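Reading the structure
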Amino acid sequence: MSDLHEVRIGDHISFLSGYPFSSEYFDQQEGIRLIRIRDLLQSEAKTYYRGPFDSRWLVKPQDVLIGMDGDFNAVRWRGDVALLNQRILKAEPRSDGAIDLGFFYYWCGPFLDQIHNQTAATTVKHLSIRDIEKARGLFPERPVQRRIGEILSTLDEAIEQTEALIAKYQQIKAGLMRDLFARGLAPDGSLRPASESQHTTFGWIPRTWHVGSLLDVSDRSRQPILTGPFGADLGNDDFIAEGVPVLRIGNIQQGYLDLSDLLFVTPQKARDLDRYRVCEGDLLFARQGATTGRNALASKAVKHYLINYHIIRVALDQSRCSPVFIEAAFQGEIVKTQIAREKGRGTREGINTAQLKALEFPLAPLQEQRLIASVLRSQVSLIDEANRNVEKLRMLKNGLMRDLLTGCVRVDIEESTA
């Protein structure tokens, strides 16, 4: 284990609390940007300030900021020069040089998580400057701190670059989907000429396509559109630690399933709910709340899983459609616009099975659907690979933080960094 010594944070790091700038000078277009606590994680200040200010509250790129309410986030500011608003701290090393700011930034993460977890969930969570100043930690010598900060910063840069690549791939996919649904694909895989498209109430679609609904492509051998069990059929008392997995609304992300947090029921309960089992290629649709409209295809991995009340399962007939094509249609603006219009019509925000059946979207001939699906799979594979890479980097970073910040792994310091 590396040599560590205890330090009191406030003896070596100074903290500047943000200023309560008057909202009468706030603007949406002109002035200097103002960092509010909600802007921290995105490093993007969306409010402008047009009033007088002291330069002490200017924040520069790479400054370390700490949110004092809510989840207590520590970030390196990546946005432009901006002003520091209230409920945020800016951290700066004191002149003694005992603590490296880069190391302190990474030390802050576990420390703030610990404070957050110790705060009662029923209270409004606030952090004070004193909470941080009086904190004590075990720190290595400053050259070791600096080297650890460099190692972790390199990983952060790799994560950011991979996330930027994912965003680029997603933009390419979105543009590709717009072209595919407006012009379609010829048998040779090329986009059809724009002259072969027709204008409909939903915009331009190829002349050989038609506007249809889920009933045109659903599997009639099963209940085509089914809402998950509710009420006494599936309640909190039915869930156990292991068994048959149940998909909930949080598992349905846009275009993929997140299986990191599952609930389970007994095999006997699953047999009672057999009609709610999922088949590979089913379209799973989030039907309530802010997530209304999110949808993803059921993969082979979730075959025979159950769904709960907040999900609608659409059984797609793969002899009449390509599930990948249908999923793409449901992620397009034509369907999104209809969902946005329909989900607020009831007493609670959401979509029911009747509204889902009524949604209209462009349908290509089956062979063209499959050709388009092949093109989309290629793009999705790039996104999936990049997502796997970024997850590996995050896991590597978490492991290194655990080992390096606690001194469990010794760091060799080159002469140039001493």
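Look up a bit, the structure's there.
Below: a short report on this structure.

Take the packing of helix H2 (residues 101–118) against helix H9 (residues 366–405) next. Look at H2 against H9: their axes get within 11 Å of each other, and the N-to-C directions meet at 105°. In terms of axis orientation, H2 runs roughly perpendicular to H9. Side by side, H2 and H9 meet where Phe103, Tyr106, Trp107 and Pro110 of the first sit next to Lys397, Met401 and Leu405 of the second. Residue composition of the contact of H2 with H9, grouped by class: six nonpolar, no polar and one charged.

On to the layout of surface pockets, then. Computed from the structure, the largest pocket encloses a volume of approximately 1500 Å³. Contributing to the lining of the largest pocket are 43 residues, with Lys173, Gly255, Glu327, Gln331 and Val380 lying nearest its centre. Elements with a minimum of two residues in the lining of the largest pocket: helix H4 (142–183), strand E13 (203–206), strand E18 (256–257), helix H6 (323–330), helix H7 (333–342), strand E24 (361–363) and H9. Per-class residue counts for the lining of the largest pocket are 22 nonpolar, eleven polar and ten charged. Roughly 960 Å³ of volume is contained in the second largest pocket. Around the second largest pocket sit 29 residues that line it, and Ala74, Val75, Tyr105, Asp156 and Lys397 are the ones nearest its centre. Put simply, the parts of the chain that give the lining of the second largest pocket at least two residues each are strand E8 (74–76), H2, H4 and H9.

Here we come to the packing of aromatic side chains. By convention here, two paired aromatic rings are described through the distance between centres and the angle between planes. Taken as a whole and judged by the stated rule, the model has 16 aromatic pairs. Considering the side-chain rings of Tyr19 and Trp57, the 5.0 Å spacing of their centres and the 55° angle between planes classify their relative orientation as tilted. Here Tyr19 is found in the loop between strand E2 (13–17) and strand E3 (26–27), whereas its partner Trp57 is found in the loop between strand E5 (47–49) and strand E6 (58–59), with 38 residues between them in sequence. Taking 5.7 Å as the distance between ring centres and 70° as the angle between the ring planes, the aromatic pair formed by Trp209 and Phe325 counts as edge-to-face. Taken as a pair, Trp209 in the loop between E13 and strand E14 (210–212) and Phe325 in helix H6 lie far apart in primary sequence, 116 residues in all. You can call Trp209 buried: its relative accessible area is 4%. A cation over a ring is seen here: Arg287 above Tyr309, with NZ or CZ 4.6 Å from the ring centre.

Looking now at the nonpolar core. Counting residues in hydrophobic clusters, the biggest one holds 33 residues, and the most contacted among them are Leu214, Leu316, Phe325, Ile326, Phe330, Leu356 and Phe361. Elements represented by at least two residues in this core include exactly H4, strand E20 (283–286), strand E23 (311–314), H6, H7, E24 and H9. Among the elements that make up this core, the one with the highest residue count is H6 (six residues). When neighbours within four sequence positions are excluded, Leu214 is seen to be in contact with Ile225, Val314, Leu316, Ile326, Phe330, Leu356, Leu359 and Phe361. With 32 residues, the next largest nonpolar core counts Ala91, Ile99, Phe111 and Leu405 among its residues.

What follows deals with H4. Since one α-helical turn is 3.6 residues long, residues separated by three or four positions face the same way. The end-to-end C-alpha distance of H4, which contains 42 residues, comes to 61 Å, matching closely the 62 Å that a straight helix rising 1.5 Å per residue would cover. Gly184 occupies a position one or two residues after H4 and carries a positive phi of about 75°.

Turning to the state of the cysteines, a few remarks are in order. Under the criterion given, the structure shown has zero disulfides. Here Cys108 stays unpaired: no disulfide links it, and the sulfur of Cys408, its closest cysteine neighbor, is 20 Å away. With no disulfide of its own, Cys279 has Cys321 as its nearest cysteine by sulfur position, at a separation of 14 Å.

On to the environment of Glu391. For Glu391, the position within the fold is in helix H9. Each C-alpha atom of the pair Glu391 and Thr162 lies 9.9 Å from the other, and the pair is 229 residues apart in sequence.

Time to look at the sheet that holds E2. As summarised here, the arrangement of the four strands in space is E2-E10-E7-E8, forming an open sheet in which the pairing is antiparallel. Of all the strands in the sheet, the pair left with one neighbour each is E2 and E8. When strand polarity is set aside, the average angle formed by the axes of neighbouring strands in this sheet is 30°. Two strands pair when backbone bridges link them, and strand E7 (residues 64–67) and E8 are joined in this way by three bridges, in the antiparallel orientation. When the bridges of E8 are listed, Leu65 appears paired with Val75. Where H2 meets the sheet, it contacts E2, E7, E8 and strand E10 (88–93), and its direction lies at approximately 150° from that of E8.

Cut-off values and rules
Every chain's residues receive numbers from 1 upward, in the order its sequence appears when written. Only residues with pLDDT of 70 or above have their local features reported here, since the model is predicted, and side-chain atom pairs are shown and tallied only from 80 upward, although totals for entire chains, interfaces and linings are computed over all residues. Side-chain calculation: all heavy atoms of the structure are included, whereas hydrogens and water are not. Each axis is a line fitted through C-alpha atoms, taken for helices only over the stretch in contact, and angles between the N-to-C directions span 0 to 180 degrees. Secondary structure elements are taken from DSSP: a helix is a run of H or I of four residues or more, a strand is a run of E of two residues or more, and numbering for both begins at the N terminus. Orientation categories follow fixed angle ranges, with anything under 35 degrees roughly parallel, anything over 145 roughly antiparallel, 65 to 115 roughly perpendicular, and all other angles oblique. Whether two residues are in contact is decided by their heavy atoms: any pair within 4.5 Å suffices. Under the scheme applied here, ten amino acids are nonpolar (Ala, Val, Leu, Ile, Met, Phe, Trp, Tyr, Cys and Pro), four are charged (Asp, Glu, Lys and Arg), and all others, including Gly, are polar. Computed over the protein atoms alone on a 1 Å grid, cavities are sets of points where a 1.4 Å probe fits but cannot get out and pockets are open sets with protein on both sides within 12 Å along at least five of seven lines; a residue lines them when it has an atom within 4 Å of a point. Grid points are joined across faces, edges and corners, and a volume is the space filled by probe spheres set on the points. Only centres within 6.5 Å qualify two rings of Phe, Tyr or Trp (six-membered ring in Trp) as a pair; their planes then separate them into stacked at under 30 degrees, edge-to-face at over 60, and tilted for everything else. Any residue under 20% of the maximum accessible area for its type is buried, any over 50% is exposed, and the rest in between are partly exposed; the area is computed with a 1.4 Å probe on protein chains only. Placement of a charge over a ring requires the Lys NZ or Arg CZ to be within 6 Å of the ring centre, with the centre-to-atom vector within 35 degrees of the ring normal. Only buried residues count toward a nonpolar core. Its members are Ala, Val, Leu, Ile, Met, Phe, Trp, Tyr and Cys residues joined through side-chain atoms within 4.5 Å. Expected helix span is computed as 1.5 Å times (number of residues minus one). What counts as a disulfide here is a pair of cysteine sulfur atoms lying within 2.5 Å. In short, DSSP must find at least two bridges between two strands for them to pair.

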